[in-house]
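Coordinates in review
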Amino acid sequence: MNLRELPLEDIRHRLAGPGLCLRTGPFTVRIRSRISAVVDSLTLLYADHPVLADEVFCDFHVRLLRPLGLRRWWRPQVKFAFDDFVPFKPLPYDHAFPMLEWGLNWSVAQHAHWYLVVHAAVIEQKGRAAILPAPPGSGKSTLTAALVQRGWRLLSDELTLIDPETGLVHALARPVSLKNTSLPLLRAWAPEAVFGPPAHDTLKGTVAHMKPPQESVARMEEPAHPAWVIFPRYVPDSAPRLTPHPRAHALLELAHNAFNYSALGSCGYDTLARLIATVECFDFTYSRLEDALNIFTRLADGP
Amino acid sequence: MAPDLLLRLLTTPAMAPALSAAQWDLALRQARRAGLMARLALVVQEAGVPVPAQAQRHLAGALTVCKRLQEALAWELARIRAALADTGAPAVLLKGAAYAAAGLPVAAGRLFGDVDLLVPREHLAVVEAALLEHGWAPMKLDPYDQRYYRQWMHEIPPLEHTRRQTVIDVHHNILPRTARHRPDPSLILDLVRPALQAPGFFVPAPVDLVIHCATHLFYEGETDRALRDLLDFDGLLRHFGPEPGFWDTLVPRAQALDLARPLYYGLRYARRVLGTPIPGEVAQAAATAAPAWPVTLAMDWLAQEGFRPKHPSCRGPFTGLAHFILYLRGHWLRMPLRLLLPHLLRKALPRRAPRPVDRAAIL
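Residue positions within a chain follow its written sequence, with the count starting from 1. As a convention, the first chain written is A and the first ligand written is 1, with the rest following in written order. Confidence filtering applies because this is a predicted model: local features only for residues at pLDDT of at least 70, side-chain atom pairs given and counted only at 80 or more, and all residues used for totals across whole chains, interfaces and linings. Heavy atoms from the whole structure form the basis of all side-chain values; hydrogens and water molecules are not counted.

**Considering the overall build of chain A**
The way it works is that DSSP assigns letters per residue, a run of H or I at least four long becomes a helix, a run of E at least two long becomes a strand, and they are numbered from the N terminus. The secondary structure content of chain A amounts to 11 helices and 17 strands. Oriented by its inertia axes, the alpha-carbon framework of chain A measures out at about 55 × 45 × 35 Å. For every residue, the accessible area obtained with a 1.4 Å probe (protein chains only) is divided by the maximum for its type, and the residue is called buried under 20%, exposed over 50%, and partly exposed between those limits. In chain A, which comprises 303 residues, the share counted as buried stands at 60%. Put simply, 71% of the contacts in chain A that link residues at least 6 apart link residues at least 24 apart. When charges are counted, Lys and Arg contribute as positive and Asp and Glu as negative, whereas His and the chain ends are disregarded. For charged residues, the charge sits on one atom: NZ in Lys, CZ in Arg, CG in Asp, CD in Glu. Computed over 31 positive and 30 negative side-chain charges, the separation of the two mean positions in chain A equals 5 Å. Throughout, a residue-residue contact means that at least one pair of heavy atoms, one from each residue, lies within 4.5 Å.

**Topic: the pairing of strand E2 (residues 27-33) of chain A**
All names here are of chain A. With 6 of 7 residues buried, E2 is to be regarded as a mostly interior element. By this definition, two strands are paired if DSSP reports at least two bridges between them. Pairing of strand E1 (residues 20-24) with E2 involves 5 bridges; the strand directions are antiparallel. Within E2, the position partnered with Thr 24 by the bridge is Phe 27. Between E1 and E2, which pair antiparallel and follow one another directly, the connecting turn spans 2 residues, one of which, Gly 25, has a positive phi of 60°. As paired elements, E2 and strand E4 (residues 60-65) share 5 bridges and run parallel to each other. Directly across from Ile 31, in E4, lies its bridge partner Val 62.

**Brief notes about the interface of chain B and chain A**
Contacts between chain B and chain A engage 26 residues on the former and 33 residues on the latter. Salt bridge, as applied in this entry: a Lys or Arg side-chain nitrogen positioned within 4 Å of an Asp or Glu carboxyl oxygen. At the junction of chain B and chain A, the tally comes to 4 salt bridges. A salt bridge links Arg315(B) to Asp84(A), with the nearest nitrogen and oxygen atoms 3.0 Å apart. Within 3.5 Å is the distance limit for a polar contact, defined as a pair of N or O atoms, with the added protein rule that one can donate a hydrogen and the other accept it, and that residues adjacent in sequence qualify only through two side-chain atoms. On the surface where chain B and chain A come into contact, there are 10 residue pairs in polar contact (both at pLDDT 80 or more). When the residues that make up the side of chain B that touches chain A are grouped by side-chain class, the tally is 12 nonpolar, 5 polar and 9 charged. Asp, Glu, Lys and Arg are counted as charged, while Ala, Val, Leu, Ile, Met, Phe, Trp, Tyr, Cys and Pro are counted as nonpolar; the rest, among them Gly, fall into the polar class.

**Examining the sheet that holds strand E5 (residues 77-82) of chain A**
All names here are of chain A. Taken together, the 6 strands give an open sheet; going across it, the order is E3-E1-E2-E4-E5-E6, and neighbouring strands pair in mixed fashion. Each end of this open sheet is capped by a strand with a single partner; those strands are strand E3 (51-52) and strand E6 (91-92). Strand direction decides the pairing type here: E1 and E3, joined by 2 bridges, are antiparallel. When the bridges of E3 are listed, Leu 22 appears paired with Val 51.

**What about the environment of Thr166(B)?**
Residues and elements named next belong to chain B. Position of Thr 166 among the secondary structure elements: in the loop between strand E4 (159-161) and strand E5 (167-171). Measuring from C-alpha to C-alpha, the distance between Thr 166 and Val 115 comes to 8.2 Å, with 51 residues separating the pair along the chain. Setting aside anything within four residues of it in sequence, one finds Thr 166 in contact with Glu 76, Trp 136, Leu 159, Glu 160 and His 161.

**A few points about the packing of helix H1 (residues 8-16) of chain A against helix H2 (residues 36-45) of chain A**
All names here are of chain A. Packing of H1 against H2 brings their axes to within 10 Å, and their N-to-C directions diverge by 125°. Comparing their axes, H2 and H1 come out oblique. Judged by the twist between their axes, the crossing of H1 over H2 is right-handed. From H1, Leu 8, Ile 11, Arg 12 and Leu 15 reach across to H2, where they touch Val 39, Asp 40, Leu 42 and Thr 43. Its residues assigned to classes, the contact of H1 with H2 shows 5 nonpolar, 1 polar and 2 charged. Note on geometry: axes are C-alpha line fits, over the in-contact stretch for helices, and angles between N-to-C directions span 0 to 180 degrees. Between 65 and 115 degrees an angle is taken as roughly perpendicular, under 35 as roughly parallel, over 145 as roughly antiparallel, and anywhere else as oblique. Less than a right angle of anticlockwise turn of the near helix away from the far helix marks a crossing as left-handed, whereas a clockwise turn marks it as right-handed.

**Focus: the packing of aromatic side chains**
Any pair of Phe, Tyr and Trp rings, taking the six-membered ring for Trp, is counted once the centres come within 6.5 Å. Such a pair is stacked with planes under 30 degrees apart, edge-to-face with planes over 60 apart, and tilted for the rest. All told, the structure shown has 23 aromatic pairs over all chains when counted by the stated rule. Considering the side-chain rings of Phe218(B) and Tyr265(B), the 5.4 Å spacing of their centres and the 40° angle between planes classify their relative orientation as tilted. Of the two residues, Phe218(B) is situated in helix H9 (residues 206-219) and Tyr265(B) in helix H12 (residues 260-274); the sequence distance between them amounts to 47 residues. Each of the two residues, Phe218(B) as well as Tyr265(B), counts as buried. Taken together, the ring pairs in this structure connect Phe27(A), Phe60(A), Phe80(A), Phe82(A), Phe85(A), Phe88(A), Trp106(A), Trp114(A) and Tyr115(A) into an aromatic cluster. Placement of a charge over a ring requires the Lys NZ or Arg CZ to be within 6 Å of the ring centre, with the centre-to-atom vector within 35 degrees of the ring normal. Lying over the aromatic face of Tyr93(A), Arg66(A) brings its terminal NZ or CZ to 4.7 Å of the ring centre. For the cation-ring pair, Arg187(A) lies above Phe195(A), with the distance from its terminal atom to the ring centre recorded as 4.7 Å.

**Description of the sheet that holds strand E13 (residues 199-202) of chain A**
Where strands meet in a sheet, backbone hydrogen bonds hold them as pairs that are either parallel or antiparallel. Residues and elements named next belong to chain A. What the 3 strands build is an open sheet, ordered E12-E14-E13; its pairing is antiparallel. If you trace the sheet from one side to the other, it starts and ends with strand E12 (176-179) and E13, each paired once. In this sheet, neighbouring strand axes are inclined to one another by 35° on average, regardless of whether the strands run parallel or antiparallel. Pairing of E13 with strand E14 (residues 205-210), which is carried by 2 bridges, proceeds in the antiparallel orientation.

**Some words on the state of the cysteines**
Cysteine sulfur atoms are paired as a disulfide whenever they come within 2.5 Å of each other. As enumerated under the stated definition, the model contains 0 disulfides over all chains in all. Cys213(B) takes part in no disulfide bond, and the closest cysteine sulfur to it belongs to Cys66(B), at a distance of 17 Å.

**Here's the deal with the environment of Arg180(B)**
Residue and element names in this part refer to chain B. Within the secondary structure, Arg 180 is located in the loop between E5 and helix H8 (185-190). When its relative accessible area of 36% is taken as the criterion, Arg 180 is described as partly exposed. Filtering out sequence-adjacent residues up to four positions away, Arg 180 remains in contact with Tyr 219, Trp 332, Leu 333, Met 335 and Pro 336.

**Digging into the confidence of the model for chain B**
Residue and element names in this part refer to chain B. Residues of chain B with pLDDT of at least 70 account for 96%, and the chain-wide mean is 90. For every residue, the predictor assigns a confidence score, pLDDT, that lies between 0 and 100. Helix H16 (residues 337-348) is the least confidently modelled element of chain B, averaging 74 in pLDDT, while strand E7 (residues 202-203) averages 98, the highest of any element. Counting contacts from residues 353-363, a segment whose pLDDT is below 50, to residues more than four positions away or on other chains yields 16 contacts. The ipTM for the predicted assembly is 0.92, set against a pTM of 0.90.

**Details of a nonpolar patch on the surface**
All names here are of chain B. Nonpolar side chains collect at one region of the surface, where Phe 318, Leu 321 and Ile 325 lie side by side and expose about 270 Å² of accessible area between them. Assignment of secondary structure puts Phe 318 in the loop between helix H14 (293-306) and helix H15 (319-334). Note on Phe 318: relative accessible area 51%, which makes it exposed. Residues forming no salt bridge and having over 30% relative accessible area are the ones grouped into patches, like charges within 9 Å of each other and nonpolar side chains (Val, Leu, Ile, Met, Phe, Trp, Tyr) within 5 Å. Only the protein chains shown count as cover for residues, and the accessible areas themselves come from Shrake-Rupley with a 1.4 Å probe.

**As for the nonpolar core**
In plain words, nonpolar cores are sets of buried Ala, Val, Leu, Ile, Met, Phe, Trp, Tyr and Cys residues tied together by side-chain atoms within 4.5 Å. The biggest cluster of nonpolar side chains holds 113 residues, and the ones touching the most others in it are Trp24(B) and Leu250(B). In this structure Leu250(B) touches Val207(B), Val210(B), Ile211(B), Leu237(B), Leu263(B) and Leu267(B), once residues within four positions along its chain are discounted. Judged by nonpolar contacts, the second largest core, of 39 residues, contains Leu3(A), Leu6(A), Leu45(A) and Phe80(A).

**With respect to unusual backbone geometry**
Residue and element names in this part refer to chain A. The backbone of Lys 126 sits at a positive phi, close to 50°, despite the residue not being glycine. Position of Lys 126 relative to the elements: it lies in the loop between strand E7 (116-125) and strand E8 (128-133). Phi angles above zero are rare outside glycine, and Asn 180 is one such case at about 40°. Residue position: Asn 180 is located in the loop between E12 and helix H6 (182-189).

Structure, rendered in structure tokens:
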């Protein structure tokens, strides 16, 4: 059963009580919260995700709540708890849903050590995946959101999960986080895309989440073969340029961007070495989404 | 069953096949909270019991990380040895690093944090200087903290390596100078043995490892790692028990070190909580250090609460109170009130130093 088939009352009831068990790629997450912004955004943005019965094994138990204390009345806040462990300082109450998304990213990056978890977006076409590692502000999420609205499948906009045993990448198919000026850009690019309400003045400015395409969620259990590692960079007014990136350097960049590279020891290195040997590596600078789409389509259509 | 699920699974892994998915879920949450995920992974692996795939991958991940930490510890020990090479000071490892360096079975599946080092008092200055020269730096720069450690504690302020962020605690004794009990460190230093897995280092004699483990356990106000430490104690006793002379010398040694009380508690609760096999006459001899019966009764209750994982599913109506009493007890044993109260007051006052930036919110 998908979340959209569950009546809103039921969703609210589960979130307030035993927790709502959602499947996102290889993970089952139990979420609890009484915060209406969390209820609403989950209902909207995770509508296509499978809901599981109560008595299942959950990988992560997370909770969003209002901390007790006087601030509750004066300047309300929201707290993220992993089981009952609180890894971050509270945020303003309006940032509840972005905090859930950041908290889920943290949960995966901190605990899913059966994958090498790289801070990178990953999208797929025709069974081949493009991994896009890039520092914040490089336009990685914008590019990802734009491409998955035009035929690419979303695996993740933040976390690339590489299975050390198979070398395949696994999907999360979670909402894509978009910031500031990329919001109106994406609304114009894909008027049919669904966005959650924007949260203003977060650590990253204004943030809103785009609902993952239904097909990406339906196929989230399907892993993909990594085929490209592409370092995107948004440069205003630039012509699109796709240039080879040295493999050895790409490996170091991926290692640097992996959350659990050192925790995995030699297994982390072996996983990346194997991946790098089978992919093509590029730098990609662009300014217009149209150009990016053309280049990525050419890649996907290539040999 | 819920509060004791992890404990039962650790002591009786044969029950694993009877667990439902929801029970595995709970057992792993308790294990994660108690820092025992990798230990649990090894226990079920050795018992050869089936584990559902969803739980197995969490356990396997914990084992991978644990293995990596052990490699990192070996590397760290090599760096410390190189730093201390010219000091001529005998470096004795304590606790987790000692178990690993001695190649003891309790080191398997154990996570490692700081390296604890014991050196003779007269070598303290030269050891500290050598470490500072080789890239370690004091973590506590506040003059009050510096004075607190040097005047009252059994260790110098912790040193952190500026590039690797690893931490060494250099001790000159195993309890603070201000503590209720006053062990003589030279007794421990006299009987140290070469560490088989870490050339150049020493480890305390088996009886001293056991007594120190109990002392740490019953002097510590923090209960986060209490179950892990009790499992260490249990593992040490099971490993050293068959060695000739071990049981005969254990209690007299604890008396000589003025640590008979913590040993008594350790033996009592290891047997109660984990079913550790302890010869009757040893338990009897240790009981001469028992407190008055009302105190024992209170300790029984505190121990029952304190040795549970700090997970919400293990929390009863009085668990919070028990943890608070254990916290006060830990402080009270380490420092007399006339020193403790001003210290806690000082710590409670707001500091002027800027608070560290929260770098956790990275995504």
